[in-house]
Amino acid sequence: MPSDAVLYQAAALCLTYPDDDFRARLPLLREAAPQLREFVDHAALTPARDLAAHYVEVFDSENRHSLYLSRRHDDDTRRRGRSLAHFKDLYRAHGLEFTGEELPDFLPAVLEFTSRTGDLDLLAEHRTALAQLRSRLAEFGTPYASVLDAVCATLPTGS
C-alpha cells in the first residue's frame, strides 16, 4: 500500500483542473494511489471536455464545494486574511515559499504541502471543512467525493 505522502500528492493532482497534463498522468495516478481508483477510472473513461465541464460545474460555479479550506469558516473577513497568513507561515516554517496562482488554503496546495512535509496540521485543523466538503460532494453525486473519502480516511481522529 502506498504511503500517505503519495496519496496526498495524487489527491492534489485529482483535485486540480483536468487539463491535458492531468489526463497524461492518469495511468501513474492509478498505479501510485489505488485508494483513488474510483475517481481515476471515472476520469479515464470520461471525455476530456466533459470532465473539464464537470470540474467547473462542481468547483467553480458552486461555493458549497469550495476547495479553499478557510473560506467557509472565515468567509471574506479579516479573520480569513489571518488564516491565509497562517497557511503561508506554516509553509515557510518548513522551508517552502507559497508561489501558486491560487490562495495558500487551496486544498490541492495543502495536500501537496502535506505530501512534501508529512505535516498533517493544516488538514487536521480543517478536518470539519474537509468532512463537510466530502459530504456535499457525495450529495452532489460527483466522483470527486471519493478523493475526499481517501484523504479523510488518513487523518487521525480527534481534536
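Calculation criteria
Residues numbered from 1 in each chain as written. Predicted model: local features only at pLDDT ≥ 70, side-chain atom pairs only at ≥ 80, totals over all residues. Heavy atoms only, no water. Phe/Tyr/Trp six-rings, centres within 6.5 Å; stacked < 30°, edge-to-face > 60°. Helix = DSSP H or I, 4+ residues; strand = E, 2+ residues; numbered from the N terminus. Buried < 20%, exposed > 50% of the residue type's maximum accessible area, 1.4 Å probe, protein only. Axes fitted to C-alpha atoms, helices over the stretch in contact; angles between N-to-C directions. Parallel < 35°, antiparallel > 145°, perpendicular 65-115°, else oblique. Left-handed = near helix turned anticlockwise from the far one by under 90°. Contact = heavy atoms within 4.5 Å. Nonpolar A, V, L, I, M, F, W, Y, C, P; charged D, E, K, R; others polar.

J.: Is there a simple way to think about the packing of aromatic side chains in this case?
T.: Counted by the stated rule, this structure contains nine aromatic pairs. Ring geometry for Phe39 and Tyr144: centres 4.7 Å apart, planes at 40 degrees, overall tilted. Within this pair, whereas Phe39 is found in helix α3 (residues 37-45), its partner Tyr144 is found in helix α10 (residues 144-154), the two being separated by 105 residues in sequence. The class for Phe39 is buried, based on a relative accessible area of 0%. When the ring of Phe59 is compared with that of Tyr144, the centres are 4.9 Å apart and the planes differ by 75 degrees; the resulting orientation is edge-to-face. On the criterion of sequence distance, the pair formed by Phe59 in helix α4 (residues 48-60) and Tyr144 in helix α10 is long-range, its members being 85 residues apart. Tyr144 matches Phe59 in its accessibility class, with the two residues each being buried.

J.: How should I be thinking about the packing of helix α6 (residues 78-93) against helix α7 (residues 107-117) in this particular structure?
T.: Two quantities define a packed helix pair, namely the angle between the axes and the distance from one axis to the other. Here α6 crosses α7 at 25 degrees, and the two axes come no closer than 11 Å. In this view, α6 runs roughly parallel relative to α7, as classed from their interaxial angle. Pair α6 / α7 crosses with left-handed handedness. Within the contact between the two elements, α6 uses Phe87, Leu90 and Tyr91 and α7 uses Ala109, Val110 and Phe113. In the contact of α6 with α7, the residues fall into six nonpolar, no polar and no charged.

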